[in-house]
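Fold and geometry: a report
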Amino acid sequence: MRTGVRVGIDVGTVRIGVARSDFHGMLATPVETVPRETVPRDRPTGQAAPTDLSRIAAIVAELDAVEVIVGLPLALSGRHTASTDDAVTFATTLAGAVPVPVRLVDERLSTVSAQAALRTAGRSTRTQRPVVDQVAATIILQHALDTERASGKPAGTSVDQTGRP
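The structure presented is a predicted model; accordingly, all values stated were derived computationally and were not measured. (Residues numbered from 1 in each chain as written. Predicted model: local features only at pLDDT ≥ 70, side-chain atom pairs only at ≥ 80, totals over all residues. Heavy atoms only, no water.)

Quick word on the sheet that holds strand β4 (residues 67-72)
Taking strand neighbours across the sheet as the criterion, the 6 strands line up as β3-β2-β1-β4-β5-β6 in an open arrangement whose pairing is mixed. The sheet is open, and its two edges are formed by β3 (28-35) and β6 (157-159), each paired on a single side. Strand-to-strand twist across the sheet, computed as the mean angle between neighbouring axes with direction ignored, equals 30°. Across 7 bridges, the pairing between strand β2 (residues 15-21) and β3 is antiparallel. Within β3, the position partnered with Ile16 by the bridge is Val34. Along the sheet face, helix α1 (residues 51-62) touches β1 (6-11), β2, β3 and β4 and points at about 155° away from the line of β3. Against the sheet, helix α2 (residues 82-95) contacts β1, β2, β4, β5 (102-106) and β6, and its axis sits at roughly 165° relative to β4. (Pairing = 2+ DSSP bridges. Helix = DSSP H or I, 4+ residues; strand = E, 2+ residues; numbered from the N terminus. Axes fitted to C-alpha atoms, helices over the stretch in contact; angles between N-to-C directions. Contact = heavy atoms within 4.5 Å.)

Here is the structure:
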């Protein structure tokens, strides 16, 4: 198992959940929910980067993270959806904004699992939507950590700035 803090990301249309791991990659914990920027990602050169990317890049720097794990929302059948394409675009843009590797990891049912965990804890998911995003990011990151620990290989697929997973 590689050492170093990893950052987990759950990309949504309104909010982005952020989680982090401990230095040894054993446990993922929630960090914050970042409002999703609505500025088109294909902005002309010279425009300021969207604030969601700036905030996530700042979190990566603050935590001295070695890697970012972005959830890849596939359909249950494994097919790509509009959300899948959005997550890939976001991860690709993020890969150009942070100095560490970005990986895409299958996140099927992470939000459903997060909502179930909050219900079990007695919290209303309707009033806790920002928390749901953080919990989903935590679940995505914990899955990636567990997968790496079990296989000895990083989970998911690497993303480069050209958008190729």
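The rest of the description comes next.
Focus on α2
Look at α2: 20 Å from first C-alpha to last across 14 residues, which is about the 20 Å you get at 1.5 Å a residue. Burial in α2 covers these residues: Thr84, Ala87, Val88, Phe90, Ala91, Thr92, Leu94 and Ala95. (Expected span 1.5 Å × (residues − 1). Buried < 20%, exposed > 50% of the residue type's maximum accessible area, 1.4 Å probe, protein only.)

Some details on unusual backbone geometry
One non-glycine residue, Asp64, lies in positive phi territory at about 50°. Relative to the elements of secondary structure, Asp64 occurs in the loop between α1 and β4.

Details of the pairing of β5
The buried fraction of β5 is high, at 4 of 5 residues. Both β4 and β5 contribute to a ladder of 5 bridges, which runs parallel. Looking at β5, one finds that Val68 is bridged to Val102. Bridge count for β5 against β6 is 3 bridges, and the pairing is antiparallel. Across the sheet, residue Arg103 finds its bridge partner in β6, namely Ser158.

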